[in-house]
Amino acid sequence: MASLIFQIVVDSLLLGGVYTLMAVGLSLAFGVTRIINFAHGDIVMYGAYAAFFAFVSLNIDPLLSLLFVAILGAIGGYLLFKLTLDRILDAPGINQVLLTFGLGLVLQNVAVILWTGDERSTTPSYAFDSWFLSDDIVVAKGRLIAFGLAVAFVVLLLAWLRWSELGRATRAVSQNRAAASLMGINVRAMYALSFGLSSSFGTATGAIMSFLLPITPFMGFPILVKAFAIIILGGLDSIVGTVIGAFLLATAETTIAYVVPQGIGWAEGVAFFLLVIVLIVRPTGILGTVGRDA
Amino acid sequence: MIAVRGWIIILGSLVVALVAPHFLPPGFSDWLTRLSTLILVAASWNMMANAGLISLGHSGFWGLGAYSAALLANAFHIPFWLSIVPAMLLGAFFGACLAYITGRLRGLFFAIATLATSEALRVVALMVPKLTGGAEGVFVFDQIRPDRITMTSFSLCLAVATVATSYFLSRSRYQYALRAMRDSESAVQMLGVNPARFRIGVTALSGAIASCAGVITAWFTGYIDPGSAFDLKITISAQIAPLFGGLYTVTGPVVGSIAILALSELTRLYFNYSGGVGLLVYGCILVFGVLMMPSGLVGLWKRRRKPVVTDAAVPARAK
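Figured I'd write up the structure that's included with this text. Predicted, not measured: the structure shown is a model, and the values here were computed from it.

What counts and what doesn't
Residues numbered from 1 in each chain as written. Chains lettered and ligands numbered in written order. Predicted model: local features only at pLDDT ≥ 70, side-chain atom pairs only at ≥ 80, totals over all residues. Heavy atoms only, no water. Helix = DSSP H or I, 4+ residues; strand = E, 2+ residues; numbered from the N terminus. Rg over C-alpha atoms; globule rule 2.2 N^0.38 Å. Contact = heavy atoms within 4.5 Å. Buried area = accessible area lost by both parts, 1.4 Å probe. Salt bridge = Lys/Arg side-chain N within 4 Å of Asp/Glu carboxyl O. Polar contact = N/O pair within 3.5 Å; in protein donor to acceptor, adjacent residues only side chain to side chain. Nonpolar A, V, L, I, M, F, W, Y, C, P; charged D, E, K, R; others polar. Phe/Tyr/Trp six-rings, centres within 6.5 Å; stacked < 30°, edge-to-face > 60°. Buried < 20%, exposed > 50% of the residue type's maximum accessible area, 1.4 Å probe, protein only. Lys NZ or Arg CZ within 6 Å of the ring centre and 35° of its normal.

A few words on the overall build of chain A. Of regular secondary structure, chain A possesses eleven helices and two strands. Moving toward the C terminus, one meets the helices and strands of chain A in the order α-α-α-α-β-β-α-α-α-α-α-α-α. For chain A, the C-alpha radius of gyration of 19 Å lies close to 19 Å, the compact-globule estimate for 294 residues. The principal-axis extents of the C-alpha atoms in chain A amount to approximately 60 × 45 × 35 Å.

If you look at the interface, chain B gives 45 residues, while chain A gives 49 residues. Carbon and sulfur atoms supply 80% of the area buried between chain B and chain A, which totals about 4,300 Å² over both sides. Scanning the region where chain B abuts chain A turns up zero salt bridges. There are zero residue pairs in polar contact (both at pLDDT 80 or more) connecting chain B and chain A. Mapped onto the side of chain B that touches chain A, the elements with two or more residues apiece are helix H2 (26–50), helix H5 (107–127), helix H12 (232–245) and helix H14 (277–292) of chain B. The greatest single-element share of the side of chain B that touches chain A, amounting to twelve residues, is contributed by H5(B). Within the side of chain B that touches chain A, the residues separate by chemical class into 35 nonpolar, five polar and five charged.

Where the residue is not glycine, phi is negative for most of them; where a peptide bond is considered, it is trans in most cases. Notably, Thr116(A) is not glycine yet its phi reads approximately 55°, a positive angle. Relative to the helices and strands, Thr116(A) resides in the loop between helix H4 (93–115) and strand S1 (130–132). For His77(B), which is not a glycine, the phi torsion comes out positive at approximately 55°. Within the element layout of this structure, His77(B) appears in the loop between helix H3 (58–76) and helix H4 (80–101).

Below, the discussion takes up the packing of aromatic side chains. Counted under the stated rule, the structure contains 20 aromatic pairs over all chains. With a centroid separation of 5.2 Å and an interplanar angle of 75°, the aromatic rings of Phe52(A) and Phe53(A) are classed as edge-to-face. On the basis of relative accessible area, Phe53(A) is assigned to the partly exposed category, the value being 31%. Aromatic side chains Phe81(A) and Tyr191(A) sit 6.5 Å apart centroid to centroid with 90° between the ring planes, which places their arrangement in the edge-to-face category. Residue Phe81(A) is located in helix H3 (residues 62–83), and its partner Tyr191(A) is located in helix H8 (residues 187–209); the two are separated by 110 residues in the primary sequence. A connected cluster of aromatic rings, assembled from ring pairs, spans Tyr46(A), Tyr49(A), Phe52(A), Phe53(A) and Trp115(A). Its guanidinium or amino end placed over the ring of Phe198(B), Arg197(B) lies 5.5 Å from that ring's centre, counting from NZ or CZ.

The quantities given are spatial measurements derived from coordinates; they are silent on function.
Laid out in structure tokens, this is it:
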């Protein structure tokens, strides 16, 4: 029993790391632009494919290609924002929802046409390795790496937001668009920057997912819905809240998967139930400040 | 006068709906049934959008309708036309609950909540195999399934009734309250309208109509499973058709449904496989629709006839 509880704790922590990765980009983009990017899951998917092709054709380890993939993602996200969202920033929210939803569809189905629905994955040696802490407590090495990277990413992001000039400007825009604009901050440029940064997190996440999940053109949607649940749990505009949300969801899912009969199937639904409950009980999330009118 | 013309058009289309399937080749009845289900979800989605409620959960209503009809039919052998009643009631009840519990949520948050509920329903359908058959799905008893022509007529009639409902809704005084809610619920509240009542009402109506579409599909195909009944594609087409045709208009969803069905048939004809091309086209329609023609085909048509822009459906995009 004790080892079961310990295993649940370990698994929750590791899964929480993965979920943090999935959600942190979405949370950053929303915090600044107040636009939910329904294409975020598909951006993650492209990162995974990029890492896969780098691994297969150039034999580059996903953890190494991560850097290039992240840079490509930043450029892609910036362009995507400039070409599309930038033009409808002042339109009603419904247009932005429909637009990013459509972008997601386009990205997903271009991938279907280019690479078919076949499952792929990168297979670095650590993907299948695990450590045994004791006789019956297992730590999957791939997930541990993802956990470490998640911690590193979040620390870097928080440090950037706190101490860098651009980070401060980003926070200012997030807190008050008009006031930031009066202080001489180019609000639209900050939007584009945060969107690019968010996509770069997305594609980097994809590179990490490439050895954790099967890569298919359809992997984006489940990731997107999980990320929604997480950022709504934690509070939409708070990075720390996102981390808390990720670990809460991971704990809930892992516990149910272990304890409830047929729990693995039910665990898939935990995100949705939690999401609905949080939206009803506390729409601003645990640490968020955004009201329900956003 | 306008009301009389409206009645004539409605009665005329009902007659056509009843008669036409008898004279058309069988291939058409499949097409027409799909068209009517599309019109049902598109028009019901548009009703909610009209009040500023973005639904990403129409596949939830659809699936509820499909499952309730199929399960009731199998359990009690009720005929097709009767199974519509409990399905609609369930859809309306679910819609009302959804609107009630999400009462404090606006825009984006409402959209995400609806997406989550429909996905939650899919998981439930998958995980309670004793009731729903789980991943294996449910077959509707063949003996009680009506023939294709009856099905097609019935679904066309439902589509006509739906369009008529949204037509009368658009002429009623509720329209003003709903349209005002789209811009600001708090302002509406200040003017003495209770937005909660309208919100629940319109979501219940929309849910009832969308669940009809599920009922039709369950009977028409004779088989449902969680993947197809709660397919995200339903939600996608429910929003693309009104957007393409013209958001917030009565004719928009109909025009849009016909257009996207024609488009999807064309892509199927030219790209002989069911791979991503169809959905890619849908995605492109969404993106270009929002960016280039936010008032849809109907908006283009109106602008062609009258140079003065009337009731700009969606405020023009910023520079």
